[in-house]
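# Tertiary structure, described
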Amino acid sequence: MISPVLPTYARINLEFERGEGCWLVTTDGRRYLDFTAGIAVNVLGHANPYLAHALTEQAGKLWHTSNLFRIAGGERLAERLTQATFADTVFFTNSGAEALECAIKMARKYQYVSGHPERNRLIAFEGAFHGRTLATIAAGGNAKYLEGFGPELPGFDHVPFGDLEAVKAAIGPATAGILLEPIQGEGGVRVPPSGFLAALRALCDEHGLLLVLDEVQSGVGRTGKLFAHEWAGVTPDIMSVAKGIGGGFPMGACLATEEAAKGMTLGTHGSTYGGNPLAMAVGNAVLDKVLEPSFLEHVNQISLRFTQLLAGVKDRHPGVIAEVRGQGLLLGLRANVPAGDLVVALREEGLLAPGAGDNVVRLLPPLVVSEEEVKLAAEKIEAACRRIEDGLAAAPVKGAAE
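These notes cover the structure that comes with them. This structure is a prediction, so every number in the text was calculated from the model and none was measured.

A separate point is the pairing of strand S11 (residues 321–327). A regular strand places its side chains on the two faces of the sheet in alternate fashion. Two strands pair when backbone bridges link them, and S11 and strand S12 (residues 330–335) are joined in this way by six bridges, in the antiparallel orientation. Within S12, the residue paired with Gln327 across the bridge is Leu330. The hairpin turn running from S11 into S12, its antiparallel successor, is two residues long, and Gly328 in that turn takes a positive phi close to 60°.

If you want it as C-alpha cells, here you go:
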C-alpha cells in the first residue's frame, strides 16, 4: 500500500523536534551537529531569532496578495539585491528550479528579441544539477533523473565540466548561452580550473551569448563571497539563486542585467506565490545579516580553520578520505570508501552531512557556525573514519579461491 506521502524520498529515520543554531534535536532528545543545513539552506542556523521575528511580524500583518498588486518588501529586496550585485532587475520565485526556469526562458527570449530566434540552446555541463522540473532535469542531463519521463526536453548541449575546448567546439549557430554552477554542489563539490569562468565570459562576449549562472547552492555567502562568481572576477548576464536567500523559508530569485532581461516584458512570465510578503520579509532579514561587514569575514576565517582541520584528518586516514575540496563552507570529502558508508558513520557520531556525486560527502554547516563547532565536527569526522577503519579491519578476508 502506498504511503500518504508520495514515496519519492529515502528518508532517514530521524524526526527532529527543534533546532538551535547549528544543532538539531530529535523528539527523543538526541542532539546532532547539523552540517547539512537543509542542504545549504539554513545559512543563519535553526530558529534564528532575527528571522523568526521578521516572519512573525509580517505574518501578523499580511500573508498573500498575489502579484496583481505592489509588494513593498519585494521592491525593497530587489533594490538591495541589485545594489549588491551585477544585476539591474530581479524576478522572485519559490524555489531554485523555478529560478532556473526563469533564467532559461530569459536567455532564449533575449536571443529571440535580438533577432536570433534560432539561438535557443544552452551549453551545460556533465555532473550539473539544476532542479527537478522537465526543463531543469534536461539541463542537468543526468540519465537517472531523466529516465521514464518521456522525450527529453530539447535545448541543451552537454560538455565535460571544466573543459574549455569542449565548450568552444559545442558553440554553434543555435547556441544562446552557457549555463553552469560556479562550483558543482550535487555533482560532488567540483571546483572548475582557475580561469575557467573568465574564459567562458570571454567566449560569451565574443559570440554574442549569455553567461547564465546557477548559484542556488553556492550563493548568499556560502563560499565566502556574496556569490561564488565574484572569486573569479567575472559577472554573469543572468543568475539564479535560492536556498540560502530565504534562510529556510522557501524562496528563490532570478537576477539579470537590463540587457539580458529585455525580452521579459509584460505577461511573459509570472508566479502566484513568488515574491509574497512572507518570503520578502525573511529575505530582507537574511540580507540584513549577510551584508554585515563581519559576516563574510567570519565565513572565510571559519573555512580556513575547518579546511586545516580536515586536511589533518585526511592525512591521518587516507584509506577513508582521498581529498578535501571546495571553497568557503561549501566543502566536500571525496571518499576512498563508499560515500554512503561515511555518511552513516558520521551520523552515528552525531554529525549530519549529505552525500553528493563523485563519491563525495558534503559539509554544509550554517554560515554562523563557530570555531568550536567546526573543531567538534572535525573530531566527529575523525571518529567516523576510525569507525570505518575498525569495520574494515574486522571484515573477513576472502581467500583466492573465493
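Below, the discussion takes up the sheet that holds S11. Taking strand neighbours across the sheet as the criterion, the four strands line up as S11-S12-S15-S14 in an open arrangement whose pairing is antiparallel. With partners counted over all chains shown, the strands left at the sheet margins are S11 and strand S14 (355–356), one partner each. In terms of strand pairing, S12 meets strand S15 (residues 360–363) through four bridges, oriented antiparallel. Counted as the bridge partner of Gly332 is Arg362 from S15. Sitting on the sheet, helix H11 (residues 339–348) touches S12, S14 and S15, and the angle it makes with S15 is about 40°.

A few words now on the sheet that holds strand S10 (residues 252–256). The sheet built from seven strands is open, its strands ordered S4-S10-S9-S8-S7-S5-S6 with mixed pairing. Either end of the sheet is taken by a strand with one partner, and the two such strands are strand S4 (89–93) and strand S6 (156–159). Within this sheet the neighbouring strands show an average axis-to-axis angle of 20°, counted without direction. The pairing of strand S9 (residues 238–241) with S10 spans four bridges and is classified as antiparallel. When the bridges of S10 are listed, Val241 appears paired with Ala253. Strands in contact with helix H3 (residues 72–84) are S4 and S10; relative to S4, the strand with the most contacts, it is inclined by about 130°. Packed onto the sheet, helix H4 (residues 96–113) meets S4, strand S5 (121–125), S6, strand S7 (175–180), strand S8 (210–214), S9 and S10 and runs at close to 165° relative to S9.

To continue, consider the packing of helix H10 (residues 293–316) against helix H12 (residues 371–394). In the contact formed by H10 and H12, the axes pass within 10 Å of each other and the chain directions differ by 15°. Relative to H12, the element H10 lies roughly parallel. For the element pair H10 and H12, the recorded crossing hand is right-handed. For the pair H10 and H12, the contacting residues are Ile302, Arg305, Phe306, Leu309, Leu310, Val313 and Arg316 in the first and Glu371, Val374, Lys375, Ala377, Ala378, Ile381, Glu382 and Cys385 in the second.

In this section: the side chain of Asp34. By the secondary structure assignment, Asp34 is in strand S3 (residues 31–34). Despite its burial, Asp34 pairs with no opposite charge; the closest candidate is Arg222, at 9.2 Å N-O. Separated by 3.0 Å, the side chain of Asp34 and the backbone nitrogen of Ala37 make a polar contact. Beyond its immediate chain neighbours, meaning those up to four positions away, Asp34 contacts Cys22, Leu24, His46, Leu352, Pro365 and Pro366.

This part is about the packing of aromatic side chains. Applying the stated rule across the entire model yields six aromatic pairs. Residues Phe35 and Phe306 carry aromatic rings whose centres are separated by 5.7 Å and whose planes lie at 80° to one another, so their mutual orientation is edge-to-face. Of this pair, Phe35 sits in the loop between S3 and helix H1 (37–40) while Phe306 sits in helix H10; the two residues are 271 residues apart in sequence, bridging distant segments of the chain. Classification of Phe35 by relative accessible area gives buried; the value is 0%. Their ring planes at 80° and their centres at 5.8 Å tell us that Phe129 and Tyr145 sit as a pair that is edge-to-face. Residue Phe129 is located in the loop between S5 and helix H5 (134–140), and its partner Tyr145 is located in helix H6 (residues 143–146); the two are separated by 16 residues in the primary sequence. Joined through ring pairs, the aromatic side chains of Phe125, Phe161 and Phe196 make up one cluster. For the cation-ring pair, Arg132 lies above Tyr145, with the distance from its terminal atom to the ring centre recorded as 4.0 Å.

Here is what the cut-offs are and how they apply
- Residues numbered from 1 in each chain as written.
- Predicted model: local features only at pLDDT ≥ 70, side-chain atom pairs only at ≥ 80, totals over all residues.
- Heavy atoms only, no water.
- Pairing = 2+ DSSP bridges.
- Helix = DSSP H or I, 4+ residues; strand = E, 2+ residues; numbered from the N terminus.
- Contact = heavy atoms within 4.5 Å.
- Axes fitted to C-alpha atoms, helices over the stretch in contact; angles between N-to-C directions.
- Parallel < 35°, antiparallel > 145°, perpendicular 65-115°, else oblique.
- Left-handed = near helix turned anticlockwise from the far one by under 90°.
- Buried < 20%, exposed > 50% of the residue type's maximum accessible area, 1.4 Å probe, protein only.
- Lys, Arg positive; Asp, Glu negative; His and termini not counted.
- Salt bridge = Lys/Arg side-chain N within 4 Å of Asp/Glu carboxyl O.
- Polar contact = N/O pair within 3.5 Å; in protein donor to acceptor, adjacent residues only side chain to side chain.
- Phe/Tyr/Trp six-rings, centres within 6.5 Å; stacked < 30°, edge-to-face > 60°.
- Lys NZ or Arg CZ within 6 Å of the ring centre and 35° of its normal.

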